[in-house]
Amino acid sequence: MAGENSATNIVVTVSSEGLSRALGGGVRGGVAGLLVQPAVWIATGTGPDAGDAFIYGTGAAGVVAGAILAVPAMVTGVVKAAVDDHTASLVAEVKAKEPERYRNGIYPVDDYSFFASGGHIQAMTIAAAGGVAWQDANGVYCFIKDANERLVCDYRPKSYKKLYYPELPLTKVGNGFKWNYLNG
């Protein structure tokens, strides 16, 4: 659903601030406000990605340090939510092009690692780890996992601009696998 991350982020931010103000300033109100986001993660059945955890941690540090950290963490969280929503809409376009039985296993490459430096580099990392990654014509980079959360080594997307894949049979090279790259 478009806007889901942004809407959730706004509700969490407003609820957290409201609870903090209701309980009074300082650490007591701030700690109570920090309970709102984990409650949302539990209620929605979704956990934080590494970026969300970092932003949440910065906000928690802001409770102690005051608004110097908390306000930038809130602003960063709102921007990140908007970016997550945009990426989710692009990934939804990619999933719609692929066979239905594979759609639930398709993810944006930034879900692979928080420390990703970019789609192209992350796609190479996934291929070297034994998985298939690709860039769609809409610009988003995706990869695929099976039902057991393992990288899939032999998938070929129906549509791609760039394709990164391990060579089969899998052959160890250094700390990964031999891989290749195609322009669509």
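Quick note: structure is the one above.
Residues numbered from 1 in each chain as written. Predicted model: local features only at pLDDT ≥ 70, side-chain atom pairs only at ≥ 80, totals over all residues. Heavy atoms only, no water.

K.L.:
What am I meant to see in the nonpolar core here?
P.N.:
One recurring pattern in soluble globular proteins is that nonpolar side chains are buried together. Within the largest apolar cluster, 13 residues are counted, with the highest numbers of intra-cluster contacts made by Val-94, Ile-106, Val-132, Trp-134, Val-140, Cys-142 and Ile-144. Those elements giving two or more residues to this core turn out to be helix H5 (67-97), strand S3 (141-144) and strand S4 (162-166). No other element matches the three residues that H5 contributes to this core. Once residues lying within four places of it in the same chain are set aside, the contact partners of Cys-142 are Val-91, Val-94, Ile-106, Tyr-107, Pro-108, Val-109, Val-132, Ala-133 and Trp-134. Of all hydrophobic cores here, the second largest spans eight residues; its members include Val-109, Tyr-141, Phe-143 and Tyr-164. (Core = buried A, V, L, I, M, F, W, Y, C linked by side-chain atoms within 4.5 Å. Buried < 20%, exposed > 50% of the residue type's maximum accessible area, 1.4 Å probe, protein only. Helix = DSSP H or I, 4+ residues; strand = E, 2+ residues; numbered from the N terminus. Contact = heavy atoms within 4.5 Å.)

K.L.:
Help me out: how do you make sense of the sheet that holds strand S2 (residues 133-135) in this one?
P.N.:
Strand pairing in a sheet is mediated by backbone hydrogen bonds. Such pairs are either parallel or antiparallel. A sheet is described by the order of its strands in space; here five strands give the open sequence S1-S3-S2-S4-S7, paired in antiparallel fashion. Lying at the two open borders of the sheet, with one neighbouring strand each, are strand S1 (106-108) and strand S7 (179-183). The sheet shows a mean angle of 20 degrees between the axes of neighbouring strands, taken without regard to direction. Note that S2 and S4 share three bridges and pair antiparallel. Residue pairing in the sheet places Trp-134 in a bridge with Leu-163 of S4. Strand contacts of helix H6 (residues 119-128): S2, S3, S4 and S7, with the helix running at about 25 degrees to S4, the strand carrying the most contacts. (Pairing = 2+ DSSP bridges. Axes fitted to C-alpha atoms, helices over the stretch in contact; angles between N-to-C directions.)

K.L.:
Looking at this structure, I do not really get the pattern of salt bridges. What am I missing?
P.N.:
Should their charged atoms come close, side chains of opposite charge can pair. The tally for this structure, following the rule as stated, stands at four salt bridges. Close ionic contact of Asp-146 with Arg-150 constitutes a salt bridge, the shortest N to O distance being 3.0 Å. A residue is classified by how much of its surface remains accessible, and Asp-146, at 27% relative accessible area, is partly exposed. A salt bridge links Glu-167 to Lys-178, with the shortest nitrogen-to-oxygen separation between them at 3.9 Å. Highlighted residues: Glu-167 in the loop between S4 and strand S5 (172-173) and Lys-178 in the loop between strand S6 (176-177) and S7, separated in sequence by eleven residues. The class of Glu-167 is partly exposed, set by a relative accessible area of 25%. Overall, the relative accessible area of 43% leaves Lys-178 in the partly exposed class. (Salt bridge = Lys/Arg side-chain N within 4 Å of Asp/Glu carboxyl O.)

K.L.:
Sorry if this is basic, but what is going on with H6 here?
P.N.:
Quick reminder: α-helices carry 3.6 residues per turn. Residues three or four places apart thus point the same way. For H6, every residue scored as buried is listed here: Gln-122, Ala-123, Ile-126 and Ala-127. All buried residues of H6 project into a common sector of 140 degrees when viewed along the axis, lining one side. Next to the buried residues of H6 lie S2, S3, S4 and S7. Phi turns positive, to about 100 degrees, at Gly-130, one or two residues after H6. (Arc of directions from axis to C-beta.)

K.L.:
Any chance you could explain the packing of aromatic side chains here in plain terms?
P.N.:
We describe a pair of aromatic rings using the distance from one ring centre to the other and the angle between the two ring planes. Evaluation of the coordinates by the stated rule reveals seven aromatic pairs. Measuring from ring centre to ring centre gives 5.8 Å for Trp-134 and Tyr-155, while their planes differ by 40 degrees; the resulting arrangement is tilted. Here Trp-134, found in strand S2, pairs with Tyr-155, found in the loop between S3 and S4; they are 21 residues apart in sequence, far enough to count as distant. Its relative accessible area of 0% is what places Trp-134 among the buried residues. Here the aromatic residues Tyr-141, Tyr-164, Trp-179 and Tyr-181 are joined through ring pairs into a cluster of three or more. Directly above the aromatic system of Tyr-107 lies the positively charged group of Lys-145, at a separation of 4.4 Å from the ring centroid. Its guanidinium or amino end placed over the ring of Tyr-165, Arg-156 lies 4.3 Å from that ring's centre, counting from NZ or CZ. (Phe/Tyr/Trp six-rings, centres within 6.5 Å; stacked < 30°, edge-to-face > 60°. Lys NZ or Arg CZ within 6 Å of the ring centre and 35° of its normal.)

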